[in-house]
Amino acid sequence: MEERVWQNLHLCARGDPDDTLADAALAVCEGKVVWMGPLHELPTDFAAWPREDLQGAWVTPSLVDCHTHLVFGGHRAGEFALRLAGASYEEIARRGGGILSTVKETRAADEATLFFEAARRLEPLIAEGVGAIEIKSGYGLDLASERKMLRVARELGRRYPVSVYTTFLGAHALPPEFAGRADAYIDEVCERMMPALVDEGLIDAVDVFCERIGFTLAQSERVFDAALRRGLRVKMHAEQLSANGGAALAARYRALSADHLEYLDEAGVAALKEADTVAVLLPAAYYFIRETKLPPLDLLRRYKVPIAIATDCNPGTSPTTSLLATMNMACTLFRLTAAEALKGVTCHAASALGAASRHGAIEAGRQADFVAWRVDTLAELPYWIGRPLAARVVRGGMTVYANHAGDALPSGRSVT
Ligand code: NIG
Ligand code: FE
């Protein structure tokens, strides 16, 4: 039986920096936390177990990246150049570039290539402490290609120490073969693609890009109706580029989350609160497309809507593989506090996946998934930009990533 006591750590068990425990210990048996508390109260049952000294590190739950498009073919560095020369994201999309250029590359790529490229994006996230990740389809836009993306996402979850939650985003863009026939494409999404992919066990939730360059409110409703009929929870890319009541519609369907939300108004905020829908903010997309309209943070706070933060890793609006850098942007650009940012990538992000009982907190009885951070204070997590801070990433009680830089210093205290 694998038993261990992790000690010499500051514990932040629920991702809330206002709720911490100094000089704490975690007793882990067979991959699960069996006890946590002050070291001096360690029950005698565990006293003889092997010890692991974390040298005064801060320990938080593993991070959760609750909105990504991690699996895709190619990249869009060329389009980035066009945008820097003045073209807008929306203009490029209307010219047939944008999402559709990634669709072309994704359709052409085989599963092995998609897996390899996505794995190179997943590895840095895991090294930063991500233990659960959502991965959307949406660059296939036909049954075979959407299946290919979702199979790759599932395979990543099998081959890497991370829980993968898949989201079917068939309604991401109108594929060229359906040009001018958006309603017929929505039929295809609801009546052919979704049922087949559900039967194959490839879908955990369903998303829609509800936008003037995506799908209408009425089309989004049809996708949501089809999802609910199959017992699936929904979420929405809502009010990213324009105000259209998308978030309120998502709330009517008890969506897990509404994401982006730059153009959200007060009625939409109230609807999210009423439905217990998480507001997922994606500051790296805001930054990368040089958006200027800020999401209504004060309203979200006033209505006490849970706020999550995610990378939105994708080739068009958010080519980042750093959740920590994204936390920095959430603070710098949206003025989240460091505490809000940490809750946004732990407990609230887990709720946005509908998985708050599995992720986002360290608790007796749960799988022992946590990160030991080489920092003096948790406020450093969103403070540094592009600096590796995780000393250990632990999943099921096993160290799956360790950064030993600085461990050999004479003081035994890291200074990297
Ligand atoms: O989350 N807005 C829609 N979907 C993605 C971008 C996809 C792309 O441009 O490839 C987003 O921003
Ligand atoms: Fe997205």
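Look up: the structure comes first, before these words.
The following refers to the structure shown. (Residues numbered from 1 in each chain as written. Chains lettered and ligands numbered in written order. Predicted model: local features only at pLDDT ≥ 70, side-chain atom pairs only at ≥ 80, totals over all residues. Heavy atoms only, no water.)

Overview of the overall build of the protein
In terms of regular secondary structure, the protein is built from 14 helices and 15 strands. By the compact-globule yardstick of 22 Å for 416 residues, the protein fits well, its C-alpha radius of gyration being 21 Å. The proportion of buried residues among the 416 residues of the protein is 59%. Sequence-distant contacts in the protein: of pairs separated by 6 or more residues, those separated by 24 or more amount to 69%. Of the roughly 16,300 Å² that the protein leaves accessible, carbon and sulfur atoms contribute 52%. Each charge class in the protein can be summarised by its mean position, and for the 44 positive and 53 negative side chains these summaries are 2 Å apart. (Helix = DSSP H or I, 4+ residues; strand = E, 2+ residues; numbered from the N terminus. Rg over C-alpha atoms; globule rule 2.2 N^0.38 Å. Buried < 20%, exposed > 50% of the residue type's maximum accessible area, 1.4 Å probe, protein only. Contact = heavy atoms within 4.5 Å. Areas by Shrake-Rupley, 256 points an atom, 1.4 Å probe, with all protein chains shown as cover. Lys, Arg positive; Asp, Glu negative; His and termini not counted. Charge placed at Lys NZ, Arg CZ, Asp CG, Glu CD.)

Here's the deal with the sheet that holds strand β15 (residues 398-402)
Spatially, β3-β2-β1-β4-β13-β14-β15 is the arrangement adopted by the 7 strands of the open sheet, whose pairing is mixed. Both outer strands of the open sheet, β3 (32-38) and β15, are each paired with one neighbouring strand and no more. Direction aside, neighbouring strands of the sheet carry axes that sit 35° apart on average. Where strand β1 (residues 3-11) lies against strand β4 (residues 51-61), 6 bridges are found, and the strand directions are parallel. Bridge pairing in β4 places H10 opposite W58. (Pairing = 2+ DSSP bridges. Axes fitted to C-alpha atoms, helices over the stretch in contact; angles between N-to-C directions.)

Topic: the coordination of the iron ion (ligand 2)
Protein coordination at the iron ion (ligand 2): the donors are H67 (NE2), H69 (NE2), H237 (NE2) and D312 (OD), at 2.1 to 2.3 Å from the metal. Read from N- to C-terminus, the donor residues coordinating the iron ion (ligand 2) fall into the pattern H-x1-H-x167-H-x74-D. Here D312 lies in the loop between β12 (307-309) and α12 (323-334) and H69 lies in the loop between β5 (63-65) and α1 (77-84), a separation of 243 residues in the sequence. The pair H69 / D312 is uniform in exposure class, with both members buried. (Donors = N, O, S within 2.8 Å, 3.2 Å for Na, K, Ca; no water.)

A short note on the pattern of salt bridges
Applying the stated criterion to the full structure yields 27 salt bridges. Two residues, R4 and E2, come together in a salt bridge whose shortest N-O distance is 3.2 Å. With a shortest N-O distance of 2.8 Å, E200 and R147 are connected by a salt bridge. A residue pair is termed long-range when its members are at least 10 positions apart, and E200 in the loop between α6 (182-199) and β8 (205-210) and R147 in helix α5 (residues 143-159) qualify at 53 residues. Salt bridges sharing common partners tie together E2, R4, E52 and R392. (Salt bridge = Lys/Arg side-chain N within 4 Å of Asp/Glu carboxyl O.)

Observations regarding the sheet that holds strand β7 (residues 163-171)
Pairing in this open sheet of 8 strands is parallel, and the strands run β5-β6-β7-β8-β9-β10-β11-β12 from one edge to the other. The open sheet has two free edges, formed respectively by β5 and β12, since each of these has just one partner strand. Adjacent strand axes in the sheet meet at a mean angle of 25° when their direction is disregarded. Bridge count between β7 and β8: 3 bridges; the pairing is parallel. From the neighbouring strand, F168 faces β8, where its bridge partner is V206. Where helix α7 (residues 217-229) meets the sheet, it contacts β7, β8 and β9 (233-238), and its direction lies at approximately 175° from that of β8.

Here we look at the site of ligand 1
Taken together, 15 residues lie around ligand 1, and R76, Y89, Y139, Q240 and T317 are the ones closest in. One nitrogen or oxygen atom from the side chain of Q240 is found 2.7 Å from a nitrogen atom belonging to ligand 1. Contact between ligand 1 and T317: an oxygen atom at 2.7 Å from a side-chain N or O atom of the residue. Coverage of ligand 1 by the protein chains reaches 100% of its 330 Å² of free accessible surface. Of the residues belonging to the shell around ligand 1, the class tally is 4 nonpolar, 9 polar and 2 charged. (Near = heavy atom within 4 Å. Polar contact = N/O pair within 3.5 Å; in protein donor to acceptor, adjacent residues only side chain to side chain. Nonpolar A, V, L, I, M, F, W, Y, C, P; charged D, E, K, R; others polar.)

Points about helix α3 (residues 99-108)
Taken together, the buried positions of α3 are occupied by I99, T102, V103 and T106. Projected down its long axis, α3 carries its buried residues within an arc of 110°, all on one side. In α3, those exposed residues whose orientation departs by more than 90 degrees from the buried face are K104 and A108. Tucked into the core, α3 has its buried residues touching α2 (89-94), α4 (111-127), α5 and β8. (Arc of directions from axis to C-beta.)

Brief notes about the packing of α4 against α5
Remark: α4 packs on α5, axes separated minimally by 10 Å, with the N-to-C direction vectors making an angle of 50°. As summarised for this structure, α4 and α5 are arranged oblique, according to the angle between their axes. In terms of crossing hand, the pair formed by α4 and α5 is right-handed. Of the residues in α5, those in contact with E111, L114, F115, A118, A119 and L122 of α4 are K148, R151, V152, E155, L156 and R159. When its residues are assigned to classes, the contact of α4 with α5 shows 7 nonpolar, no polar and 5 charged. (Parallel < 35°, antiparallel > 145°, perpendicular 65-115°, else oblique. Left-handed = near helix turned anticlockwise from the far one by under 90°.)

Let's talk about unusual backbone geometry
The phi dihedral of L141 falls on the positive side, at around 60°, and the residue is not glycine. Tracing the backbone through its elements, the reader meets L141 in the loop between β6 (130-136) and α5. You can call L141 buried: its relative accessible area is 1%. Of note in this structure, H260 is not a glycine but carries a positive phi near 90°. Assignment of secondary structure puts H260 in strand β10 (residues 257-260). Using a relative accessible area of 1% as the deciding quantity, one classes H260 as buried.

Keep in mind that these numbers describe shape and distance, not what the molecule does.
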